[in-house]
Amino acid sequence: MDTTDILIVGGGAVGCTLATGLLQSTDLTVTLVDANALQQDSLSTPGFDARVIALAKRTVNALSDMGVNLNTHMCPSTPIEHIVVSDRGFLGKTHLHAYEHQLDSFGRVVSIQALGTQLLPEPQPRFHLIDNVTVTDATQTNTSVAVTLSNGKQICTKLLVLADGGRSPVSANLGFSRTQRDYGQTAIITNIQMSQPHNNWAHERFTEHGPLALLPFATGPAGDDSGTGFSVVWTLPHDDAQQACEWEEGEFATQLQQAIGFRHGHIVKVGERYAYPLSLQQTDDCVRHRTVVVGNGAQALHPIAGQGFNLGLRDVMDLVSALKSQPDPGAFAVLNGYRQQRQADKAATIGLTDGLVTVFSNHHWPMVVGRNLGLLVMEYCDAMAGQFVRQTTGFGPATRPFQN
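Residues numbered from 1 in each chain as written. Predicted model: local features only at pLDDT ≥ 70, side-chain atom pairs only at ≥ 80, totals over all residues. Heavy atoms only, no water.

(A) Region of interest: the pattern of salt bridges. Throughout the structure, instances matching the rule amount to 13 salt bridges. The partner of Lys57 in a salt bridge is Asp104, and the shortest N-O contact between them spans 2.7 Å. In this pair, Lys57 is assigned in helix 2 (residues 57-65) and Asp104 in the loop between strand 6 (93-97) and strand 7 (107-111), connecting sequence segments 47 residues apart. Put simply, Arg314 and Asp345 hold a salt bridge, and the shortest N to O gap is 2.7 Å. Of the two residues, Arg314 is situated in helix 6 (residues 308-323) and Asp345 in helix 7 (residues 332-360); the sequence distance between them amounts to 31 residues. The buried category is assigned to Arg314, whose relative accessible area is 2%. (Salt bridge = Lys/Arg side-chain N within 4 Å of Asp/Glu carboxyl O. Helix = DSSP H or I, 4+ residues; strand = E, 2+ residues; numbered from the N terminus. Buried < 20%, exposed > 50% of the residue type's maximum accessible area, 1.4 Å probe, protein only.)

Structure follows, in structure tokens:
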């Protein structure tokens, strides 16, 4: 049976970032297992239909400290320098500018595919990559976890980390349970090209059906971008979303144009559409005996304010910090300290996103008045705007700086 200090299940952005951080900050051996093929040379520069993610400023800083370059030909990204938050059909509106908060940007928008090319660790003696396999069984003992893979291989690890978005078939056997609350909404994600440039503006617009986000994004390869591309996250009730996915491109563009307005001109191109039903999912406890769940496996949030992935990356940051100089990464005291460290940040972020969905996804008149007053106050109250910016960029009071 092979042995490793830490076995990570899931080779997505969260799993790869954890592997990179551990290899840089500890002397532990790391094995990464994924069901898909993870080959650097098969990845290429993303095109128009690439799915994207908004990285908060703290996430950008942490990735930069780990040597991840978010401004290369293979990994182009677009800074968010300005944000407007508005309530469609009402007066409430808030404009946020990064320079007013002593930031060069609120974060950056990057293709998930391109980010993956930067996160997968380079080959080295302490790192072992096993792809095209799944975990079929895991048995906890006092000093280790024995993991069986679909190819028959068995691996003994001091700490098992589930970073596969909650898809692990063995999580229940390891003692994890998960709750889910349906929001009654589906997110349609697509890229569009407008007739006028984005000028690094992002938009969070609340409509009678749910939030609608526009993120500035380089929709073509680096150097070929016109500066008119946006990634769209359009939230609709389930039935309306299904209908929207069936519209012809022209009808979809017309309906979307009505929802977003004409601040950046008219829509000239629409990319492939992806639909994701939305719910709040939480694992009851992210730590069990010699096992940890991180990222979407620990919590999956509504995309409002773009907090889910960034919260998952903060799971990774704190786990790396907790495992520094620890000869036994799966020891109870180590994992219990990590659990306690993550509680406040998780509660604050989940509370923020869930609260925003509740406040902005209905048209009850008292709620409408209250939320519009809140937006107007934040427009002119620097302290309130600053608190919102600190929380959404990852520097809220419940977080601590990432230490490399």
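(B) Spatial organisation of helix 2. Those residues of helix 2 lying buried are Lys57, Arg58, Thr59, Val60, Ala62 and Leu63. Tucked into the core, helix 2 has its buried residues touching helix 1 (13-25), strand 3 (52-56), strand 7, helix 3 (112-119) and helix 6. Positive backbone phi, approximately 90°, marks Gly67, located one or two places after helix 2. (Contact = heavy atoms within 4.5 Å.)

(C) Quick look at the packing of helix 2 against helix 6. Two elements in contact, helix 2 and helix 6, have axes separated by 10 Å at closest approach and are oriented at 40°. What the angle tells us is that helix 2 and helix 6 run oblique. Along this stretch, helix 2 crosses helix 6, giving a crossing that reads as left-handed. In this structure, helix 2 contributes Arg58, Thr59, Ala62 and Leu63 to the contact, and helix 6 contributes Asn310, Leu313, Arg314 and Met317. (Axes fitted to C-alpha atoms, helices over the stretch in contact; angles between N-to-C directions. Parallel < 35°, antiparallel > 145°, perpendicular 65-115°, else oblique. Left-handed = near helix turned anticlockwise from the far one by under 90°.)

(D) Structural detail: the pairing of strand 9 (residues 135-140). The pairing of strand 9 with strand 10 (residues 145-149) spans five bridges and is antiparallel. Considered in strand 10, the bridge of Ala138 is made with Val147. Between the end of strand 9 and the start of strand 10, which pair antiparallel, lie four residues. (Pairing = 2+ DSSP bridges.)

(E) Here's a closer look at the sheet that holds strand 7. Taken together, the three strands give an open sheet; going across it, the order is 3-7-4, and neighbouring strands pair in antiparallel fashion. Of all strands in the sheet, those bounded by a partner on one side alone are strand 3 and strand 4 (77-80). Direction aside, the axes of adjacent strands within the sheet are offset by 25° on average. Relative to strand 7, strand 3 is paired through five bridges, and the arrangement is antiparallel. Bridging from a neighbouring strand, Val52 pairs with Ser111 of strand 7. Strand contacts of helix 2: strand 3 and strand 7, with the helix running at about 90° to strand 3, the strand carrying the most contacts.

(F) Looking closely at the packing of aromatic side chains. Overall, the coordinates contain one aromatic pair when judged by the stated rule. Measuring from ring centre to ring centre gives 5.6 Å for Trp234 and Phe252, while their planes differ by 65°; the resulting arrangement is edge-to-face. With Trp234 in strand 15 (residues 229-237) and Phe252 in helix 5 (residues 249-260), the pair connects residues that are 18 residues apart, well separated along the chain. Using a relative accessible area of 6% as the deciding quantity, one classes Trp234 as buried. Since its relative accessible area comes to 0%, Phe252 is described here as buried. The ring of Tyr274 carries the charged tip of Arg51 above its face, separated from the ring centre by 5.0 Å. (Phe/Tyr/Trp six-rings, centres within 6.5 Å; stacked < 30°, edge-to-face > 60°. Lys NZ or Arg CZ within 6 Å of the ring centre and 35° of its normal.)

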